[in-house]
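These are the residues of each chain, in order.
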Amino acid sequence: MNLSDQLIQFLLSGFATGSIYALIGLGFSIIYNATGIINFAQGEFVMLGGMVTVFFLTSLHIPLPAAILGAVAITTFVGLLFERLAIRPIRKATPINLVIITIGGSILIRGLAMLIWGKDTHAIPGFSGEEPIMIGNASLLPQHLWIFGMTTLAIIASKVFFNYTISGKAMRACAFNPRAASLIGIDVKRMVLFSFVISSAMGSVAGFIIAPLTMTSYDVGIMLGLKGFCAAIIGGMSSGLGTVLGGIILGVLESLGAGLISSGYKDAVAFIILLLILFIRPQGIFKRAESERV
Amino acid sequence: MKRELVKYLLLVAAAVSMPYFFSDGYMMNVLVFVGINTMLAVALNLLLGFAGQISLGHAGFFGLGAYISGVLTATHQVNPWLAMLIAAIAVSFLAFLIGFPILKLKGHYLAMATLGLGIIIYIVFNEAVDITGGPSGLSGIPNLALGSLVFDNDVKNYCLVWTFTIVTILLAVNLAHSRIGRALRAIHDSEVAARVMGVNVRLLKVQIFALSAFISAVAGSLYAHVMTFAAPASFGFHFSVELVTMVIIGGLGSIYGSLFGATLLTLLPELLRTFQDYDIIIYGLILILVTMFMPGGLVQGIPSLLGALLPKKKEGRG
């Protein structure tokens with residue numbers, strides 16, 4: 001393979017992982033916009049999406065589509081429980097306390113997953129086989145197409161939800177100004193719950209579509225969650241196109257870094273980008289700065 | 001101030017008497033780690049509890065201290081005391097430089113940025129195999145020595161580590177009661193108000209970050225010389241969270257609370273041997289429950305909880 005073929009290959013795989021980061025990042029920004037919370041447990045929803053699918057497939061021998069639906073349902077339920085049990089009752093909701101509680105939640109979910117499924121790494125078979133599709137000299141797995149398809153679908157669905165349904169509009173109102181939203185009769189608490197439900201569902205989708213490519217285990221949530229957050233930060237915590245682009249930029253840079261520089265430092269690329277963005281443009285690269293209210 | 005002095009003398013007395021109570025090596029060994037973790041928890045508390053700035057990357061500073069000391073002494077035969085000093089200065093200088101951009105961030109963003117920093121450091125430990133020995137670790141780090149006294153067994157290590165721990169606590173208590181301590185608490189409550197009162201908020205936050213990193217690096221250096229070995233697994237995200245847990249349990253802004261938190265979290269896994277890997281679940285639960293129901297930590301939380309449950313007898317006096 002010559003350099004240009006290699007570049008196409010890196011771009012393709014970067015695009016695929018970037019789509020996953022975008023999905024996870026959207027989960028972060030949806031909760032952030034509704035509540036002002038950065039949910040450190042977001043990555044664990046991704047892990048659950050993959051692990052529950054594996055569990056249904058291998059232990060209960062349920063066919064793939066049903067296993068996936070089951071995984072999304074269970075993960076969403078966990079997200080709902082998390083909001084009800086840990087986020088809603090908190091008394092003194094300073095940012096540090098919220099950070100610590102969501103970290104506690106993520107540790108707890110990860111620990112329980114380890115308790116239930118052990119420490120082994122599991123694989124899910126590709127949804128449409130493993131036969132690579134050749135584009136010139138670069139190869140593409142059918143699973144990549146699934147990732148592109150599902151990501152696009154999820155993004156369109158969330159766009160429709162936020163712009164054209166009454167609940168979605170209500171959530172945007174809460175993000176804009178919770179007090180004003182509650183004054184016009186929007187149940188802010190319910191919207192917060194909704195945001196956790198949507199984010200956990202979205203996280204689980206990311207979890208089961210990436211599992212055939214990268215394998216899954218109880219501890220994949222940390223890294224995937226952080227990369228998703230990085231995508232959201234690049235995109236300025238928008239629950240739309242910004243985060244999607246952020247994810248894709250991150251995925252492509254990471255893939256290029258791994259291919260051209262060193263694969264060992266692949267994960268460091270994301271965090272260096274994260275720090276640079278936070279230092280130089282904490283409002284994201286597509287957004288104008290907002291002044292902080294005291 | 002008199003109460004502080006009494007508390008401190010009690011602590012010193014307790015620390016000095018420990019070797020007479022526990023003659024077996026095992027308990028002394030556990031107490032060595034209690035000492036190191038106490039230093040780390042106190043260092044983090046200065047930042048988290050007093051200045052109100054979270055760090056999820058302190059295991060990184062701890063690890064840098066350990067590795068700089070380890071590499072200098074094991075690979076380059078530098079004197080261990082000199083290596084410790086170099087490590088501490090280098091790490092606090094790094095923290096000072098990175099502190100300016102990183103401490104401009106607040107709340108969740110600061111948490112994520114420090115977390116990212118910690119993970120980058122962790123990745124370097126793993127990947128710079130030529131220098132650090134990679135995932136399998138760096139061995140052959142010499143013990144510290146004073147003349148002919150080599151700190152090579154559990155009791156000697158205990159004395160070494162606790163000397164540092166006690167000095168750290170003294171320093172932290174003094175700092176807390178000084179002008180700086182008050183300025184830090186002002187920052188915690190409101191940065192704008194602190195600035196209006198004439199506190200150089202930006203510089204002070206960075207200075208306390210660097211001091212915290214300095215203490216963590218010394219603890220790391222001690223760790224390396226006591227263990228004579230360092231591996232990346234001890235300095236990961238997991239340990240950063242454990243440190244935050246120690247501070248939270250002990251209570252934000254309470255130095256002796258951090259001592260309590262570090263002691264509890266170091267002893268807990270030893271007492272619950274059967275739990276092994278599952279102790280992490282317990283940390284998760286502790287973090288959530290303490291933050292939700294006892295924001296002041298266990299030291300404050302349990303008495304006030306008992307106070308609420310028990311009938312109040314002392315009321316109505318005077």
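It is worth spelling out the overall build of chain A at this point. Helix and strand content of chain A: eleven helices and two strands. Reading chain A from its N terminus to its C terminus gives the helix and strand order α-α-α-α-β-β-α-α-α-α-α-α-α. In terms of overall dimensions, chain A is globule-like: its C-alpha atoms have a radius of gyration of 19 Å, near the 19 Å expected for 294 residues. Taking the principal axes of the C-alpha coordinates as reference, chain A spans close to 60 × 45 × 35 Å. Put simply, chain A has 294 residues, and 50% of those count as buried.

Moving on to the overall build of chain B. Scanning chain B for helices and strands turns up 14 helices and four strands. Since a compact globule built from 318 residues should have a radius of gyration of about 20 Å, the 20 Å found for chain B is in line with a globular shape. When the backbone C-alpha atoms are referred to their principal axes, chain B occupies close to 70 × 50 × 40 Å. Scored against the burial criterion, the 318 residues of chain B give a buried share of 50%.

As a further point, take the packing of helix 9 (residues 221-234) of chain A against helix 11 (residues 266-280) of chain A. Residues and elements named next belong to chain A. Running from N to C, helix 9 and helix 11 point in directions that differ by 35°, and their axes come no closer than 10 Å. Between helix 9 and helix 11 lies a crossing whose hand is left-handed. Residue-level inspection shows Met223, Lys227, Cys230, Ile233 and Ile234 of helix 9 in contact with helix 11, the latter providing Asp267, Ala270, Ile273, Leu274, Ile277 and Leu278.

Attention now moves to the interface of chain A and chain B. Counting from both sides, the interface comprises 34 residues of chain A and, opposite them, 33 residues of chain B. Elements that contribute at least two residues to the side of chain A that touches chain B include exactly helix 4 (95-117), helix 9 and helix 11 of chain A. Per element, the largest residue contribution to the side of chain A that touches chain B is 15 residues, and it comes from helix 4 of chain A. When grouped by side-chain class, the residues that make up the side of chain A that touches chain B number 27 nonpolar, five polar and two charged.

Turning to helix 11 (residues 237-250) of chain B, a few remarks are in order. Residues and elements named next belong to chain B. In a regular helix each residue adds 1.5 Å, so 14 residues correspond to 20 Å; helix 11 covers 20 Å between its end C-alpha atoms and thus fits that length. Along helix 11, twelve of the 14 residues are buried, which leaves the element largely enclosed by surrounding structure. What helix 11 keeps buried is the set Phe239, Ser240, Val241, Glu242, Leu243, Val244, Thr245, Met246, Val247, Ile248, Ile249 and Gly250. Directly after helix 11, the chain includes Gly251, whose backbone phi takes a positive value near 105°.

The next subject is the environment of A:Gly105. By the secondary structure assignment, A:Gly105 is in helix 4. For A:Gly105, a count of 25 C-beta atoms within 10 Å gives the class buried. Sequence-wise, A:Gly105 and A:Ile248 are 143 residues apart; in three dimensions their C-alpha atoms are separated by 28 Å. Apart from residues no more than four positions distant in its own chain, A:Gly105 is found in contact with A:Ala41, A:Phe82, A:Ala86 and B:Ile288.

Further remarks concern unusual backbone geometry. Residues and elements named next belong to chain A. Its identity is not glycine, yet His61 carries a phi of approximately 55°, on the positive side. Overall, the presence of 8 C-beta atoms within 10 Å leaves His61 in the exposed class. At Met215, a residue that is not glycine, the phi angle is positive and equals roughly 70°. Of note, Met215 is situated in the loop between helix 8 (188-214) and helix 9.

So, about helix 5 (residues 107-127) of chain B. An ideal rise of 1.5 Å per residue puts 30 Å on 21 residues; helix 5 of chain B measures up with 30 Å between its terminal C-alpha atoms. Taking burial as the measure, the 21 residues of helix 5 of chain B include 16 buried ones, the bulk of the element.

Our next topic: the packing of helix 1 (residues 3-35) of chain A against helix 9 of chain A. The packing of two helices is summarised by the inter-axis angle and the distance between the axes. Residue and element names in this part refer to chain A. Direction vectors running N to C along helix 1 and helix 9 enclose 75°, while the axes themselves pass 7 Å from each other. Relative to helix 9, the element helix 1 is oriented roughly perpendicular. Taken together, the residues of helix 9 that come into contact with helix 1 (itself represented by Tyr21, Ala22, Ile24, Gly25, Gly27, Phe28 and Ser29) are Leu224, Gly225, Lys227, Gly228, Phe229, Ala231 and Ala232. Looking at the contact of helix 1 with helix 9 residue by residue, the classes come out as eight nonpolar, five polar and one charged.

Residue and element names in this part refer to chain B. Here chain B averages 87 in pLDDT, and 95% of its residues register 70 or above. Ignoring residues within four places in sequence, the model shows residues 314-318, a span with pLDDT below 50, making zero contacts including any to other chains. At the level of chain-chain contacts, confidence expressed as ipTM amounts to 0.82, with global pTM at 0.87.

The next subject is the environment of A:Gly185. Looking at the element boundaries, A:Gly185 is found in the loop between helix 7 (178-183) and helix 8. Sequence separation between A:Gly185 and A:Pro142 is 43 residues; the distance between their C-alpha atoms is 47 Å.

Glancing now at the environment of B:Gly137. Residues and elements named next belong to chain B. Relative to the helices and strands, Gly137 resides in the loop between helix 6 (129-132) and strand 1 (138-139). A count of 16 C-beta atoms within 10 Å places Gly137 in the partly exposed class. Each C-alpha atom, one on Gly137 and one on Leu287, is 30 Å from the other, the two residues being 150 residues apart in sequence.

Definitions and limits used
Residues numbered from 1 in each chain as written. Chains lettered and ligands numbered in written order. Predicted model: local features only at pLDDT ≥ 70, side-chain atom pairs only at ≥ 80, totals over all residues. Helix = DSSP H or I, 4+ residues; strand = E, 2+ residues; numbered from the N terminus. Rg over C-alpha atoms; globule rule 2.2 N^0.38 Å. Buried ≥ 20, exposed ≤ 12 C-beta atoms within 10 Å, placed from the backbone. Axes fitted to C-alpha atoms, helices over the stretch in contact; angles between N-to-C directions. Left-handed = near helix turned anticlockwise from the far one by under 90°. Contact = placed C-beta atoms within 7 Å. Nonpolar A, V, L, I, M, F, W, Y, C, P; charged D, E, K, R; others polar. Expected span 1.5 Å × (residues − 1). Parallel < 35°, antiparallel > 145°, perpendicular 65-115°, else oblique. pLDDT = per-residue confidence, 0-100.

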